[in-house]
Amino acid sequence: MIELYHNDMSTCAQKVRLALAEKGVRWESRHLDLRARDHQTPAYLKLNPNAVVPTLVHDGVVIIESTVINEYIDDAFGGVSLRPVDAAGRARMRLWTKQLDEGLHADTGVLSTSIAFRYQKLEKGDREVQALVDNVPDAVKRARVRANIFEGVQSPYFKESVLRFDALLGRMETTLANSQWLAGDTYSLADIAYAPYLTRLEHLQMKELWSERPRLGRWFECLREREAYQIALTQWFNAKYLSLMEEKGEREWPAIAKIIKDAERR
Ligand SMILES: N[C@@H](CCC(=O)N[C@@H](CS)C(=O)NCC(=O)O)C(=O)O
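Owing to the predicted nature of the structure, the values given are computational and were not obtained by experimental measurement.

Brief notes about the nonpolar core
Leu18, Leu169, Met172, Tyr194, Met206 and Trp219 are the most contacted members of the largest nonpolar core, which totals 63 residues. Looking at this core, you find at least three residues from each of domain 1 (2-76) and domain 2 (87-265). Look past the residues within four positions of Met172 in its chain and what remains in contact with it is Trp96, Leu182, Tyr194, Leu198, Leu216 and Trp219. Formed by six residues, the second largest nonpolar core is a distinct cluster that contains Leu32, Leu34, Tyr44 and Val53.

Here we look at the sheet that holds strand E2 (residues 28-31)
Across the sheet, which stays open at both edges, the four strands sit in the order E2-E1-E3-E4 with mixed pairing between neighbours. Each of the sheet's edge strands pairs with one partner strand only, and the pair in question is E2 and strand E4 (61-64). Each neighbouring strand pair of the sheet contributes to a mean axis angle of 20°, computed without reference to strand direction. Bridge analysis of strand E1 (residues 2-6) against E2 gives four bridges, and the strand direction is parallel. Across the sheet, residue Leu4 finds its bridge partner in E2, namely Ser29.

Re the side chain of Gln120
Tracing the backbone through its elements, the reader meets Gln120 in helix H4 (residues 87-122). Its relative accessible area of 13% is what places Gln120 among the buried residues. In this structure the side chain of Gln120 is engaged in a polar contact, spanning 2.7 Å, whose partner is the side chain of Arg35. Once residues lying within four places of it in the same chain are set aside, the contact partners of Gln120 are Arg35, Tyr241 and Leu244.

Some remarks on helix H6 (residues 139-151)
Spacing of three or four residues puts side chains on the same side of an α-helix, whose turn is 3.6 residues. The first and last C-alpha atoms of H6 sit 18 Å apart over 13 residues, in line with the 18 Å expected at 1.5 Å per residue. Listing the buried residues of H6 in full gives Arg144, Val145, Ala147, Asn148 and Ile149. One or two residues past the end of H6 sits Gly152, with phi positive at roughly 55°.

Topic: the packing of aromatic side chains
Tallied over the full model, the rule gives six aromatic pairs. Ring geometry for Trp27 against Trp236: centres 6.1 Å apart, planes inclined by 25°, an arrangement best described as stacked. Taken together, the positions of Trp27 in the loop between helix H1 (11-23) and E2 and Trp236 in the loop between helix H10 (227-232) and helix H11 (239-265) put the pair 209 residues apart, joining distant regions of the chain. Taking relative accessible area as the criterion, Trp236 reaches 25% and is therefore assigned partly exposed. With a centroid separation of 5.7 Å and an interplanar angle of 85°, the aromatic rings of Trp210 and Phe220 are classed as edge-to-face. Residue Trp210 is found in the loop between helix H8 (189-203) and helix H9 (214-224), and its partner Phe220 is found in helix H9; the two are separated by 10 residues along the sequence. According to the relative accessible area criterion, Trp210 is buried, its value standing at 9%. We note Lys248 situated over the ring of Tyr119; from NZ or CZ to the ring centre the distance is 4.1 Å.

A closer look at the domain arrangement of the protein chain
What the domain assignment lists for the protein chain is domain 1 (2-76) and domain 2 (87-265). Counting residues at the interface gives 27 residues for domain 1 and 39 residues for domain 2. When domain 1 packs against domain 2, the two sides together hide about 2800 Å² of surface, and 60% of this comes from carbon and sulfur. Inspection of the region where domain 1 meets domain 2 yields three salt bridges. The residue Glu22 makes a salt bridge to Arg226 at a minimum N-O spacing of 2.8 Å. At the junction of domain 1 and domain 2, the tally comes to 10 residue pairs in polar contact (both at pLDDT 80 or more).

Things to note about the packing of H4 against helix H7 (residues 158-175)
Between H4 and H7, the least distance of the axes is 9 Å, while the angle of their chain directions is 135°. When the axes of H4 and H7 are compared, the pair comes out oblique. The way H4 lies across H7 gives a crossing that is left-handed. Counted together, Trp96, Gln99, Leu104, Asp107, Thr108, Val110, Leu111, Ser114 and Ile115 of H4 and Phe158, Ser161, Val162, Arg164, Phe165, Leu168, Arg171, Met172 and Thr175 of H7 form the full contact between these two elements. Across the contact of H4 with H7, the residue classes break down as 10 nonpolar, five polar and three charged.

Scoring rules and cut-offs
Residues numbered from 1 in each chain as written. Predicted model: local features only at pLDDT ≥ 70, side-chain atom pairs only at ≥ 80, totals over all residues. Heavy atoms only, no water. Core = buried A, V, L, I, M, F, W, Y, C linked by side-chain atoms within 4.5 Å. Buried < 20%, exposed > 50% of the residue type's maximum accessible area, 1.4 Å probe, protein only. Domains from an automatic or database assignment. Contact = heavy atoms within 4.5 Å. Pairing = 2+ DSSP bridges. Helix = DSSP H or I, 4+ residues; strand = E, 2+ residues; numbered from the N terminus. Axes fitted to C-alpha atoms, helices over the stretch in contact; angles between N-to-C directions. Polar contact = N/O pair within 3.5 Å; in protein donor to acceptor, adjacent residues only side chain to side chain. Expected span 1.5 Å × (residues − 1). Phe/Tyr/Trp six-rings, centres within 6.5 Å; stacked < 30°, edge-to-face > 60°. Lys NZ or Arg CZ within 6 Å of the ring centre and 35° of its normal. Buried area = accessible area lost by both parts, 1.4 Å probe. Salt bridge = Lys/Arg side-chain N within 4 Å of Asp/Glu carboxyl O. Parallel < 35°, antiparallel > 145°, perpendicular 65-115°, else oblique. Left-handed = near helix turned anticlockwise from the far one by under 90°. Nonpolar A, V, L, I, M, F, W, Y, C, P; charged D, E, K, R; others polar.

Below is the structure:
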């Protein structure tokens, strides 16, 4: 049996659902409500001590960390391979996924929460929001989450996250000048990993970031046309989250554009 503990709009969960869909693997959904703190319960912490989604449980074997889960899925199940066949291609693929794990995923949290999701959290009331923050196991992440929720786009993390994302999109555009997909001419776990992040930027009304990056725009269109994208992302989109991100994203876009423009002038 394959169980996935996940959340409809979580980027890391989207990434894993996308790999499962590409492989044609059937799985059982264990959907967690992150606003209700389902991921901070003692039972879930036994599966995932980091108090995050996703977690995959395959015949009793527990796998955490979305990048590791996706490689596991590719190893454990048949169907189309999601990794380049050559060693150099695999190295390129891992360089992309490593960047997400080492910071860009956290930057997405900064953007999403500071711009939009903080409002959902704040409306839960002081006690709930404090408990949500206090129960984040990692101290560095806890400080960041606290700033995102209470300070929003004024948080000291916000500007750097915007600039790191802009730089990433520039690197993607350069890479896509030489190959169809991120790790070469094979669609791979690198493309799967980034699809949810571009989707998130689009939902936050930040797609202007690739208006002058045509290769990136085409790459994203190709991804979105895949059946697996519909199954793993579109079908799980939560209308309430989409409208919140649209409303708040539109409001913050001028400030984001200014951060980028000011950095370019320097
Ligand atoms: N490195 C982890 C990150 C997982 C993660 O941050 N998940 C987010 C959703 S995308 C989450 O569960 N957030 C809830 C929280 O941090 O309270 C992975 O790749 O699986």
